[in-house]
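Commentary on secondary and tertiary structure
Listed below, chain by chain, are the residues.
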Amino acid sequence: LYSDEISPTEDEDEMEEAGAGSGFYVSTSGHIITNYHVIDRCEKVSIKLNDEFFDAVTVATDVKNDLALLKTAIMPDHVFALSDDPSYPLQDIIVAGFPHADDLSSSVKFTRGIVSSTAGAGNNLSQIQIDAAINPGNSGGPILDSLGNVIGVTVSSFDEMQATNFGVKAKVVKRLMKKNKVLMASPNKKEISKKNLSSFVTDGTVHIVCWD
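The structure presented is a predicted model; accordingly, all values stated were derived computationally and were not measured.

Another aspect to go through is the overall build of the protein chain. In terms of helices and strands, the protein chain carries three helices and 12 strands. Expected size for 212 residues packed as a compact globule is a radius of gyration near 17 Å; at 16 Å, the protein chain falls within 12% of this value. Each of the 212 residues in the protein chain was classed as buried or not, and the buried ones make up 51%. Here the analysis covers contacts within the protein chain between residues at least 6 apart in sequence; of these, 70% occur between residues at least 24 apart. Summing over all exposed atoms, the protein chain offers an accessible surface of approximately 10,800 Å²; the carbon and sulfur share of this is 47%. Charge-centre separation for the protein chain: the mean point of 18 positive side chains lies 13 Å from the mean point of 29 negative side chains.

It is worth spelling out the packing of aromatic side chains at this point. Per the counting criterion, the structure on display carries two aromatic pairs. Here the aromatic rings of F24 and F80 are separated by 5.7 Å at their centres, their planes lie at 90°, and the arrangement is edge-to-face. Pair noted here: F24 is in strand 1 (residues 17-25) and F80 is in the loop between strand 5 (67-72) and strand 6 (92-97), with a separation of 56 residues, a long-range link. Each member of the pair, F24 as well as F80, is classed as buried. Seen in terms of ring centroids, F53 and W211 are 5.1 Å apart; in terms of plane orientation they differ by 80°. Their pairing is edge-to-face.

In this section: the nonpolar core. By size, the foremost hydrophobic cluster in this structure holds 28 residues, and its most contacted members are F24, I33, L67, L69, V153, V173 and M177. Within the residue set of this core, elements represented by two or more residues are strand 5, strand 6, strand 10 (150-159), strand 11 (164-169), helix 2 (170-179) and helix 3 (194-204). Those residues in contact with L69, other than ones at most four positions away along the chain, are V26, H31, I32, I33, V57, T58, V59, A60, L176, N180 and V182. Grouped together as the second largest cluster of nonpolar side chains are 15 residues, I47, L70, I208 and C210 included.

Before going further, it helps to examine the sheet that holds strand 4 (residues 52-62). Pairing is antiparallel around the closed barrel formed by six strands, whose spatial order is 1-2-5-4-3-12. The sheet shows a mean angle of 40° between the axes of neighbouring strands, direction not considered. Here four bridges tie strand 2 (residues 31-34) to strand 5, and the two strands are oriented antiparallel to one another. Each residue of the ladder has a partner; that of H31, found in strand 5, is K71. Relative to the sheet, helix 2 contacts strand 2, strand 4 and strand 5, its axis offset from that of strand 5 by approximately 50°.

With that settled, the discussion passes to unusual backbone geometry. Positive phi, normally seen in glycine, also occurs at D51, with a value near 65°. Take D51: it is sitting in the loop between strand 3 (44-49) and strand 4. For N123, which is not a glycine, the phi torsion comes out positive at approximately 60°. Structurally, the position occupied by N123 is in the loop between strand 7 (109-117) and strand 8 (127-130). Accessibility expressed as a relative area gives 65% for N123, which makes it exposed.

Tracing the backbone through its elements, the reader meets D145 in the loop between strand 9 (142-144) and strand 10. Of the side chains with opposite charge, K189 comes closest to the buried, unpaired D145, at an N-O distance of 8.0 Å. Reaching out from D145, the side chain makes a polar contact with the backbone nitrogen of N149 at a distance of 2.9 Å. Setting aside residues no more than four positions away along its own chain, D145 makes contact with S83, Q91, D92 and I151.

Next up on the list: the pattern of salt bridges. Enumeration over the complete set of coordinates arrives at three salt bridges. One salt bridge in this structure joins D40 and R41, with 3.9 Å as the shortest N-O distance. By relative accessible area, which is 29% here, D40 ends up partly exposed. Using a relative accessible area of 76% as the deciding quantity, one classes R41 as exposed.

Criteria and thresholds
- Residues numbered from 1 in each chain as written.
- Predicted model: local features only at pLDDT ≥ 70, side-chain atom pairs only at ≥ 80, totals over all residues.
- Heavy atoms only, no water.
- Helix = DSSP H or I, 4+ residues; strand = E, 2+ residues; numbered from the N terminus.
- Rg over C-alpha atoms; globule rule 2.2 N^0.38 Å.
- Buried < 20%, exposed > 50% of the residue type's maximum accessible area, 1.4 Å probe, protein only.
- Contact = heavy atoms within 4.5 Å.
- Areas by Shrake-Rupley, 256 points an atom, 1.4 Å probe, with all protein chains shown as cover.
- Lys, Arg positive; Asp, Glu negative; His and termini not counted.
- Charge placed at Lys NZ, Arg CZ, Asp CG, Glu CD.
- Phe/Tyr/Trp six-rings, centres within 6.5 Å; stacked < 30°, edge-to-face > 60°.
- Core = buried A, V, L, I, M, F, W, Y, C linked by side-chain atoms within 4.5 Å.
- Pairing = 2+ DSSP bridges.
- Axes fitted to C-alpha atoms, helices over the stretch in contact; angles between N-to-C directions.
- Salt bridge = Lys/Arg side-chain N within 4 Å of Asp/Glu carboxyl O.
- Polar contact = N/O pair within 3.5 Å; in protein donor to acceptor, adjacent residues only side chain to side chain.

Treat this as a map of the structure, not an account of what it does.
Right, dumping it as structure tokens:
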């Protein structure tokens, strides 16, 4: 999973955890997509893996669309592809991430739902609205179609009681990756079992920790 030359971060004992979120691998070189607000104002950003912390650096940000592109020396077991197809209302989705990771468990958690609208709050055409449950810690995680391709990035919750949640569209993520010359994986076109999908998503989704 990672080179013997890569050491876990050593100085977290001298810093305080200021927040956490989710992200996902988008390149075999270790590039990760997450939300900008997950890493904003962090003194240091780490990937938590098997109770160890590994450094991540910020490559680029898109503050307007709440996106950040990170890079880590950890080589991923699974890289997510971004869907080429636009989302549509009633499309089935799966959301993955690390909500309440410190309170519940450190494993990836999944919720299911549909695309409620192809526009976000205030008719924001860079977002989709979804009804899948999201919680603190989900921010930056992937929103997937049934083939395991990313159609969006979990970004916010308008009203947890009404399950009104949003994600940044894959096309916006693609612009950030192209601008930074990140080679993208080709979307999957074949049906995939839920068991395999679960395994792939677990391998490709990361727990991000912000240090202050």
